Amino acid sequence: MTTSSQAPKRSSIAVAVATALILAGGAAGWLHMQRASAADQPQAKAAPPVAVTLARVQERDVPQYLAGVGTVTANASVTVKTRIDGQLDMVGFKEGEEVKKGQLLAQIDPRALQAQLAQVEAQRAKDAATLLNARLDLQRYTTLRGQDAATQQQLDTQKALVAQLEAAVKTDEAQIAYAKVQLSYTTITAPISGRVGVRLVDPGNIVHATDASGLVVINQIDPITLLFTLPEESVTAINRAQRDSQHALTVTAYARDSQEALATGKLVLLDNQINTTNGTVQLKARFENAQHKLWPGQYVNARLQLNSHGNALTLPAAAIQRNQQGTYVYAVDAQDQAFMQPVKVDRIQDGIAVLSADSGVAADQRVVLDGQYKLKPGSRIVDSKPAAKAAGSTTADAKGNTK
């Protein structure tokens, strides 16, 4: 009975051992298959490089300037008015034409003043004849007094009469001069050279010296001036530039819409006070304007160039990026990997960013100009336009060889 009971136990143990051996073998086989499959798989591919446009940091001599907005004004503006009352006989100009200083503009009826002049001239002739007779009598009284044939009182009376008549003649001469001046006012000439505007009074009208509108306005537009403003912080730099320069500072006027350079002139005025209302200072520049590219009342952009030149690191302004920490660029290292490089921008002019000396970039260093939105620090990059540059260089070489 004991032998028969132990047999089933041994059989169960053998089955368990066999099962364990089978499972272990299966696990080892599965692991071997996984390892073999992994060995057959290719390694994970690295991220592809990002195509961007590159630019290089350049060191160049950068002139410094200040930019503002201004209004073109006439270099001189005169409202031509009559200085006497009378009828306007004729107008000697055409609206909108150029006139020269001293050119006839208008004529007022002179007949009344000519008659006044003739009257005072006749009075002077009368007083002069009387004075001549009185002087002859004075000579006679002087001779008679030496012969005791006339009294001293008679001689003194005659001297007083001569002096009185001399004063009368001087008065007449003054009246003649005044009448001539008044008569000259009937001929109105241009006080300055310039361009006339709209005729404000037509011939035949009675004009008065008290008329507010006048006859016509003359604006001198060659040369012409520009009034513009700059922030009060610019005053120190402008004064320093004026002291350091032997010539007047250069000002360039640009069109507001197209940024076309219209004219280049000289700074003639830095106002002697700052406008406390808006914190600006007014400046005036004068331009030669033979081609009339500038016109009174025109709004333009003004650029005042200071005489401070110096080598500075520059970049295209499009390469500059901004975040909460400030401005930065994506610089590229020797392994063509992009990294964020903080920079300090002094100013941006003509699409060029001028960097401070401590910006952390060096001349000829590569930076990303376009495509920054696709980058993150450590991204590999590739220049998207090297072929175009090479083609451009080849074309340039070909042209040079042709020459």
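In short, a report on the structure. Just so you know, these numbers come straight off a predicted model, no measurement behind them.

A cluster of nonpolar side chains, namely V198, L200 and V217, defines an oily patch on the protein surface of about 240 Å² accessible area. By relative accessible area, V198 is classed as exposed at 58%.

In this section: the sheet that holds strand β6 (residues 104–108). The strand order across the open sheet built from four strands is β7-β6-β4-β9, with neighbouring strands paired in antiparallel fashion. Two strands lie at the open edges of the sheet, namely β7 (187–189) and β9 (206–207), each paired on one side alone. Judged from the three bridges that link them, strand β4 (residues 86–91) and β6 form a sheet pairing that is antiparallel. Bridge pairing in β6 links M90 to Q107.

Here we come to the packing of aromatic side chains. Inspection of the entire model under this criterion finds one aromatic pair. Their ring planes at 80 degrees and their centres at 5.9 Å tell us that Y328 and Y330 sit as a pair that is edge-to-face. Sitting over the face of the ring of Y65, R303 holds its NZ or CZ atom 4.1 Å from the ring centroid.

Residue placement: T314 occurs in strand β15 (residues 311–316). Take T314: its relative accessible area is 2%, and that puts it in the buried class. One polar contact links T314 to R60, side chain to side chain, over a distance of 3.2 Å. Excluding residues that lie within four positions of it along the chain, T314 makes contacts with R56, V57, Q58, R60, V62, I352, A353 and V354.

Turning our eyes to something else, we now look at the pairing of β6. Of all five residues in β6, four are buried; the element is thus mostly enclosed. Relative to β7, β6 runs antiparallel, the two being bridged by three bridges. Of the residues in β7, the one forming a bridge with Q107 is T187.

The strands making up a sheet associate through backbone hydrogen bonding, with each pair oriented either parallel or antiparallel. If you walk across this open sheet you meet the four strands as β2-β15-β20-β19, and the pairing is antiparallel. Each edge of the open sheet is held by one strand with a lone partner, namely β2 (58–61) and β19 (345–349). Going across the sheet, the axis of each strand differs from the next one's by a mean of 40 degrees, ignoring polarity. Summarising the sheet, β15 and strand β20 (residues 352–355) pair through three bridges and their orientation is antiparallel. The partner of L315 across the bridge, within β20, is A353.

Conventions adopted
- Residues numbered from 1 in each chain as written.
- Predicted model: local features only at pLDDT ≥ 70, side-chain atom pairs only at ≥ 80, totals over all residues.
- Heavy atoms only, no water.
- Patch = residues over 30% accessible without salt bridge, like charges linked within 9 Å, V, L, I, M, F, W, Y side chains within 5 Å.
- Areas by Shrake-Rupley, 256 points an atom, 1.4 Å probe, with all protein chains shown as cover.
- Salt bridge = Lys/Arg side-chain N within 4 Å of Asp/Glu carboxyl O.
- Buried < 20%, exposed > 50% of the residue type's maximum accessible area, 1.4 Å probe, protein only.
- Pairing = 2+ DSSP bridges.
- Helix = DSSP H or I, 4+ residues; strand = E, 2+ residues; numbered from the N terminus.
- Phe/Tyr/Trp six-rings, centres within 6.5 Å; stacked < 30°, edge-to-face > 60°.
- Lys NZ or Arg CZ within 6 Å of the ring centre and 35° of its normal.
- Polar contact = N/O pair within 3.5 Å; in protein donor to acceptor, adjacent residues only side chain to side chain.
- Contact = heavy atoms within 4.5 Å.
- Axes fitted to C-alpha atoms, helices over the stretch in contact; angles between N-to-C directions.

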